Amino acid sequence: MWKSLRLGVAALCFLSVPVLASAADRAYVDLFGGNTFLDSGSGLGGNDHAPVVGLRVGQRVDAHLGIEAQIASAFAQLQKPAGQSAKQYTGAVIGNLYALNGPNTPYLSLGIGASSNVFGTQAGRVTNPVAIFGVGYQHLLGDHFGLRLDVQDQMLFDNPVPHNGLLNDLQVTGGISYFWGGSSRHRAFPIIGPAKP
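Cut-offs used in this document
Residues numbered from 1 in each chain as written. Predicted model: local features only at pLDDT ≥ 70, side-chain atom pairs only at ≥ 80, totals over all residues. Heavy atoms only, no water. Core = buried A, V, L, I, M, F, W, Y, C linked by side-chain atoms within 4.5 Å. Buried < 20%, exposed > 50% of the residue type's maximum accessible area, 1.4 Å probe, protein only. Helix = DSSP H or I, 4+ residues; strand = E, 2+ residues; numbered from the N terminus. Contact = heavy atoms within 4.5 Å. Pairing = 2+ DSSP bridges. Axes fitted to C-alpha atoms, helices over the stretch in contact; angles between N-to-C directions. Patch = residues over 30% accessible without salt bridge, like charges linked within 9 Å, V, L, I, M, F, W, Y side chains within 5 Å. Areas by Shrake-Rupley, 256 points an atom, 1.4 Å probe, with all protein chains shown as cover. Salt bridge = Lys/Arg side-chain N within 4 Å of Asp/Glu carboxyl O.

Notes on the nonpolar core
No. 1: Counting ten residues, the largest nonpolar core is built from Leu 38, Ala 92, Ile 94, Phe 119, Val 126, Val 130, Ile 132, Leu 156, Val 161 and Leu 167.
No. 2: Those elements that place two or more of their residues in this core are strand E4 (88-98) and strand E6 (125-140).
No. 3: The biggest single contributor to this core is E6, with three residues.
No. 4: Not counting residues up to four positions away in its chain, the partners in contact with Ile 132 are Gln 70, Ala 92, Ile 94, Ser 109, Leu 110, Gly 111, Gln 152, Asp 153 and Gln 154.

Topic: the side chain of Gln 138
No. 1: Within the secondary structure, Gln 138 is located in strand E6.
No. 2: With near-sequence residues (within four places) excluded, Gln 138 lies in contact with Arg 60, Tyr 98, Pro 103, Asn 104, Thr 105, Tyr 107, Leu 147 and Phe 179.

Remarks on the sheet that holds E6
No. 1: Taken together, the eight strands give a closed barrel; going around it, the order is E1-E2-E3-E4-E5-E6-E7-E8, and neighbouring strands pair in antiparallel fashion. If you compare each strand with its neighbour and ignore which way they point, the axes differ by 25° on average.
No. 2: By the bridge criterion, twelve bridges tie strand E7 (residues 145-156) to strand E8 (residues 167-179) in an arrangement that is antiparallel. Looking at the pairing, Met 155 lines up with Asn 168 of E8.

Concerning the environment of Thr 127
No. 1: Within the secondary structure, Thr 127 is located in strand E6.
No. 2: Using a relative accessible area of 47% as the deciding quantity, one classes Thr 127 as partly exposed.
No. 3: Each C-alpha atom, one on Thr 127 and one on Thr 90, is 9.2 Å from the other, the two residues being 37 residues apart in sequence.

Some thoughts on the pairing of strand E5 (residues 105-118)
No. 1: Bridging between E4 and E5 involves ten bridges; their strand directions are antiparallel. Note on E5: the bridge partner recorded for Gly 95 is Leu 110.
No. 2: What sits between the antiparallel neighbours E4 and E5 is a turn of six residues.
No. 3: Across 14 bridges, E5 lies against E6 in antiparallel orientation. Of the residues in E6, the one forming a bridge with Pro 106 is Tyr 137.

Some remarks on a nonpolar patch on the surface
No. 1: There is a patch of nonpolar side chains on the surface, built from Leu 31, Leu 55, Ile 71, Leu 141, Phe 145, Leu 147, Ile 176, Tyr 178 and Trp 180 and spanning about 760 Å² of accessible area.
No. 2: Of all the secondary structure elements, the ones that give two or more residues to the nonpolar patch are E7 and E8.
No. 3: Tracing the sequence through the fold places Leu 147 in strand E7.

Some remarks on the pattern of salt bridges
When the charged atoms of two side chains lie near each other, side chains of opposite charge can form a pair.
No. 1: In total, this model carries five salt bridges according to the counting rule given.
No. 2: Measuring nitrogen to oxygen at the nearest pair gives 2.8 Å for the salt bridge that ties Arg 148 to Glu 68. One end of the pair, Arg 148, is in strand E7; the other, Glu 68, is in strand E3 (residues 65-74), with 80 residues separating them in the sequence. With respect to burial, Arg 148 and Glu 68 carry one shared label: buried.
No. 3: Arg 148 is paired through a salt bridge with Asp 150; the nearest N and O atoms lie 2.7 Å apart. With respect to burial, Arg 148 and Asp 150 carry one shared label: buried.
No. 4: Several salt bridges share partner residues, and in doing so they unite Asp 30, Arg 56, Glu 68, Arg 148 and Asp 150 into one network.

Quick look at the structure:
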């Protein structure tokens, strides 16, 4: 599982380089962290919330549309079997629909991916398809840096839990983004020129 995930991320990064270079002022990487809240009625024994960290790599392809790859690891203990790691790992491809033309804008997120979880000693580690629906806000601080807030409902399908195998995973995260390129009109720190004689 981990080997396949690493190879997939490496291939995505390799294939993204020409795309990112062709639209450098709109490409970004976002490091984020926050908390994940799994459905409290899922039968996870009360271990239904935990910190989450992750990384996004994306590109704003036009004024109102963007696409990104997201990987994350949550420290949720999903009925952890004795002596085993039970972290949740997710990976997804997400499309963002930006409300405003500028860099400071709310947006809507839709995506698909997969999630790997441990559901007790009998089921073990299970990989499930995921659909993502979310909202967020992006704020540019300067030429290259920005802040971001996301709220995502990650719907995990075919899980060995109640509710017909559907598990809702709400993730609330904040992140800092680095953008390639950018406008000289927006600088995080002013540039002070030499004093005139």
